Structures are given as structure tokens and as C-alpha cells.
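Notes for the structure review
Below are the chains, spelled out letter by letter.
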Amino acid sequence: MINFLQCPENTYDLPPKNDAEQKFSSRCRLYVGNLAEITEEEVTEMFKKFGEINECFVNAEKMFAFVRLDYRANAERAKRELDGTMRKNRALKVRFAPVGAAIKVKNLTQWVTNELLEYAFSVFGEIERAQILVDDRGNSLKEGIVEFARKPTALLALRRCAEGCFFLTSSLRPAIVEPYDVIDDVDGFPEKSITRKPQEYIKSREVGPRFANQASFEYEYGTRWKQLYDLYKQKEDALKRELKAEEEKLEAQMEYARFEHETEMLREQLRKREMDRDRQKIEWELKERQADEQRRMDDDMMRRHTDDLSMRMHHQKDDMRRRQQENNMFIQAHQIKMEDRAGPNGNFEQGKFDTDVNVRELKSAGPGNAPGEQNMFMERNSRFEGGRKDEQYPRRWGHGGHPGHEDFPNKRRRY
């Protein structure tokens, strides 16, 4: 499957063309006619002294053969020496065989060179020669010749270029491809190639070259032929001018259409960019709203968390203050108890007096004392006032005591 060009890169720097002669090219193929009773071995033996032979085909029935030599110079020498020689009373006809794998490419621009022509048509297959035709000043005639190595490749190029539009440059002028028969401009038509027997030959050659006399029969009809040719030239020139004007008109329309197409493409790109910008703007606004909403939620959560933490710290602080006051009251009560037990005279009244003083001091300690604690010490003081001694109660208060009596040792263990 041939990989045809779809989106080729620029062709600014094409490598220079290799002008070295290609070996066994189609230009080295010779046609040998007027052969009688000959074989391939005899043809090979006839041409081997001129160079290396790559192809030898013989058609014995039609008495012709094709021989392909290695280089053009050797083929020219073989043609020059063997053409017209006698073999079995027959004069050999040696000509260069027509190149059947050649095409002619027209409607090119002035910027197409030999290298670009070969590069463009090499996608169809192997090329032996690609050349742009020029005038006597070296200016391009905007057409060229491409010779392929095989005839199927040339047929493929003809079919593909006829079915589609094959461009060689950025111009929208497609290459027009036609079959091309190579014209032998070396030998022409020599006298030895003409058949002398027909009556038309004898009648045509019985009068030689001459100028016609004016007012003669020959001059009248000669003038008519010249007028017909002039008419042909005038119509041909008029047609060329018309085609030239149409080409310029089409070129202008093409450039205008190209400008409009590029402008529309730019507009489409601008519309797409505007749509992308609007979409991005909407996405950014949505993200910004989401970020603001998330920030508000985070701030509310942080505020609630801070308030909760502050409330817990406040409760913990109050609880610690209360516990500290309870511990202080317990320690003071325990000290009072120990002092009551270890009085100097063992006088219960003295301990009772000291206890009353301590209770009064605890009452005046301030608002931090809990009402339950004041009632506890008031109850204890009332027991002392009743004249009961400490020995009547167990060492650990609350065991066997009155109902509702505070258990200070338990609180002590708790702390």
C-alpha cells in the first residue's frame, strides 16, 4: 500500500539531485528490428562487446528484439555501430526503445524544480529521471517529464492524478498528468529508413525544392496554405490569451477564497477561545463560591469548636476550683480533728472552743464555700455542742454516723 502524502512538511531545503547516471535505466534500452532466424544467445553475443547486458528479449516471429545495456554511452555506441549493418541479407534497424513508463506533468508553478518534481512523484514508485522543461534562457516552461522504472508505476500515477487533485506547492494549481511518448530527436528520419517502392514516393520526389513564381498556380495554393496556417496561429494565440486571462482570474479567486478561508478559521478559533474563556470564568466563579462556602463552614465549625473548648475549659476551671476548696476544707477539718484529739489537757471543751472558732472562720471564708460544706461543719459543731466525744464515733467518719453525714475520708481517697 503506497503511503500518499496527506499533510507534507515544507520543501524549503530539498537535497540536491544526484546527477550520476543510473545503471540499466530505460534510456539504455535498444530496439533491434529486421532480425531473421535469431536466438537470444546470438543477440547477447552481438551486444556483449558494448557493455554489460541486463535484458534481452527476442520475438522471432516478428523479427525484433529488445536489449538493455548498462550505460547510455554504451547503448549509443552499439546503436551507431550496428544500425544499418547487414545480417542474412537484411539491414539491421537499431533505435532507442520508447520509454513506456514516462509521463508529462503540466500546470506547474515557476517554483517547481527537478528535485521537487522527483520528490513529489517518488510516492508512486522508483523514478529514473525527473526534469523540468526550460526555454533557451533557462526559464521554466511550467511542465516536466517523469520517467519511472516500471510501467505499472506510471499507470498508477496517471490514475491517481486523474481521480484526485495532486498539489506540489501551496498553490491550488493541481498537476495535470498525461502519457508521454519520448521523441527521438537524435536520428530523426534518415533516407535509409524510407520505403522507395510505392507510387506516392515516386510522384512526390519527381520535382525537387523550388520557389513558386508569383501569379502561378503553385503560388496561389501555397498562399492559401499559409493563410490557413496563419488562421490556426491566430486562433491558437487567441485561445492562449483567453486561457491566460482565465488563469489569472482563477488565481485571484483562489487567493481571495484562501484569504476568506483563513479569516473564517481565525474567527472560529477566536469563538472557541471566547467559549473556553467563558467556561473557565464560570468554573472559576463556581470554585470561588464553593471556596467561600467552605470557608464559612470552616469558620463556623472553628467558632463552635472554640466556644465548646472555652466552655469546657471554664467548667474544668470551676470544677478544679471547687475541688481545691473541698481539699482545703478537708485538710483544715482534719487538722482541727487532730488538734482536738491532741489537746494539752485532754479537755473536750477546749477542742470544742477551737472547733467553733474554725467553723466561724470557714463560714467567713467567702462565697467560694459550698452550702453543703457549711452545713457539714455546722452539723459537726452541733455534735460537739451536744457534749459527745470523738471516741463515741469511729475513726472513719460516716461508718455508723448519722444519716446524711458527709464522708470526708472517702473524698480524701478520691483526691
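Cut-offs and rules
Residues numbered from 1 in each chain as written. Predicted model: local features only at pLDDT ≥ 70, side-chain atom pairs only at ≥ 80, totals over all residues. Heavy atoms only, no water. Helix = DSSP H or I, 4+ residues; strand = E, 2+ residues; numbered from the N terminus. Buried < 20%, exposed > 50% of the residue type's maximum accessible area, 1.4 Å probe, protein only. Contact = heavy atoms within 4.5 Å. Pairing = 2+ DSSP bridges. Polar contact = N/O pair within 3.5 Å; in protein donor to acceptor, adjacent residues only side chain to side chain. Expected span 1.5 Å × (residues − 1). Phe/Tyr/Trp six-rings, centres within 6.5 Å; stacked < 30°, edge-to-face > 60°. Lys NZ or Arg CZ within 6 Å of the ring centre and 35° of its normal. Axes fitted to C-alpha atoms, helices over the stretch in contact; angles between N-to-C directions. pLDDT = per-residue confidence, 0-100. Salt bridge = Lys/Arg side-chain N within 4 Å of Asp/Glu carboxyl O. Core = buried A, V, L, I, M, F, W, Y, C linked by side-chain atoms within 4.5 Å.

A word on the overall build of the protein chain
On a plain count of helices and strands, the protein chain comes out with nine helices and 10 strands. For the protein chain, the residues scored as buried account for 26% of the 415 residues in total. Intrachain contacts of the protein chain at a sequence separation of at least 6 include 64% that bridge at least 24 residues.

Quick word on the pairing of strand β3 (residues 64-69)
Among the six residues that make up β3, six are buried, leaving the element largely enclosed by the rest of the structure. Because side chains alternate across β3, one face comprises the buried residues Phe64, Phe66 and Arg68, and the other comprises Ala65, Val67 and Leu69, equally buried. With five bridges connecting them, strand β1 (residues 29-33) and β3 associate as antiparallel partners. In the strand pairing of β3, Tyr31 is matched with Phe66. The sheet contact formed by strand β2 (residues 53-59) and β3 spans six bridges and is antiparallel. Each bridged residue has a counterpart across the sheet, and for Val58 the counterpart in β3 is Ala65.

What about the side chain of Lys104?
Mapped onto the elements, Lys104 comes out in strand β7 (residues 102-106). Polar contacts involving the side chain of Lys104 include one to the side chain of Glu143, which spans 3.3 Å. With residues near it in sequence (within four places) discarded, Lys104 still touches Leu133, Glu143, Gly144, Ile145, Ile176, Val177, Glu178 and Tyr180.

Let's talk about helix α4 (residues 151-163)
A rise of 1.5 Å per residue sets the reference length of α4, with its 13 residues, at 18 Å; its end C-alpha atoms lie 19 Å apart and thus fit the reference within 8%. Looking only at α4, the buried set comprises Thr153, Ala154, Leu156, Ala157, Leu158 and Cys161. The inward-facing, buried residues of α4 abut β7, α3 (114-121), β9 (140-148) and β10 (176-179).

A word on the packing of aromatic side chains
Scanning all chains against the criterion turns up nine aromatic pairs. Judged by centre distance (5.6 Å) and plane angle (80°), the rings of Phe64 and Phe66 are edge-to-face. Of the two residues examined, Phe64 and Phe66, each falls in the buried class. Between Tyr229 and Tyr232, the ring centres sit 6.4 Å apart and the planes meet at 35°, which makes this aromatic pair tilted. Residue Tyr229 and its partner Tyr232 are both found in helix α6 (residues 217-341); the two are separated by three residues, about one turn of the helix. As far as burial versus exposure is concerned, Tyr229 and Tyr232 are alike and both exposed. Each member of the aromatic cluster is reached from another via a ring pair, and the members are Tyr31, Phe64 and Phe66. Looking at Arg29, its charged tip hangs above the ring of Phe66, at a distance of 4.2 Å from the centre. Here the basic side chain of Arg224 rests over the ring of Tyr221, its NZ or CZ set 4.9 Å away from the ring centre.

Things to note about the sheet that holds β10
Within the open sheet, the four strands sit side by side as β8-β9-β7-β10. Their pairing is antiparallel. Of all the strands in the sheet, the pair left with one neighbour each is β8 (127-134) and β10. Averaged over all pairs of adjacent strands, the angle between strand axes in this sheet comes to 25°, irrespective of strand direction. Judged from the six bridges that link them, β8 and β9 form a sheet pairing that is antiparallel.

Regarding the sheet that holds strand β6 (residues 93-96)
Across the sheet, four strands lie side by side as β2-β3-β1-β6; this open sheet has antiparallel pairing. Each end of this open sheet is capped by a strand with a single partner; those strands are β2 and β6. The average undirected angle you get between the axes of adjacent strands in this sheet is 20°. Looking at chain direction, β1 and β6 are connected through four bridges and run antiparallel. Residue Tyr31 lies in a different strand from β6, and its bridge partner there is Arg95. The sheet strands contacting helix α2 (residues 72-82) are β1, β3 and β6, and the helix crosses β6 at an angle near 155°.

Some details on the side chain of Glu147
Its place among the elements puts Glu147 in strand β9. A polar side-chain atom of Glu147 sits 2.7 Å from a polar atom in the side chain of Arg129.

So, the confidence of the model for the protein chain
Mean pLDDT over the protein chain works out to 81, with 79% of the residues at or above the 70 mark. pLDDT under 50 marks residues 346-357. Its contacts with residues more than four places away, or in other chains, come to 15 contacts. Within the model, pLDDT remains below 50 along residues 410-415, and this stretch shows eight contacts once partners closer than five positions in the same chain are excluded.

Here we look at the pattern of salt bridges
One pass over the structure, following the stated rule, counts 32 salt bridges. We note a salt bridge from Arg323 to Asp319, for which the minimum N-O separation is 3.0 Å. With Arg323 and Asp319 both in helix α6 and four residues apart, this pair spans about one turn of that helix. Connected through salt bridges with shared partners, the residues Glu264, Arg267, Glu268 and Arg271 form a single ionic network.

Structural notes on unusual backbone geometry
Positive phi values are uncommon outside glycine, yet Met63 reaches one of about 60°. As for its position among the elements, Met63 is in the loop between β2 and β3.

What about the nonpolar core?
Among the nonpolar cores identified, the biggest contains 25 residues, and Ile103, Leu117, Phe121, Phe124, Val146, Phe148 and Leu168 are the most heavily contacted of them. Among the elements that take part in this core, α4 stands out by supplying five residues, more than any other. With residues up to four places along the chain from it excluded, the contact list for Ile103 reads Phe121, Gly144, Ile145, Val146, Phe148, Ala154, Ala157, Leu158, Val177, Glu178 and Tyr180. If you look at the next biggest cluster of nonpolar residues, it comprises 20 residues, including Leu30, Val32, Phe47 and Val58.

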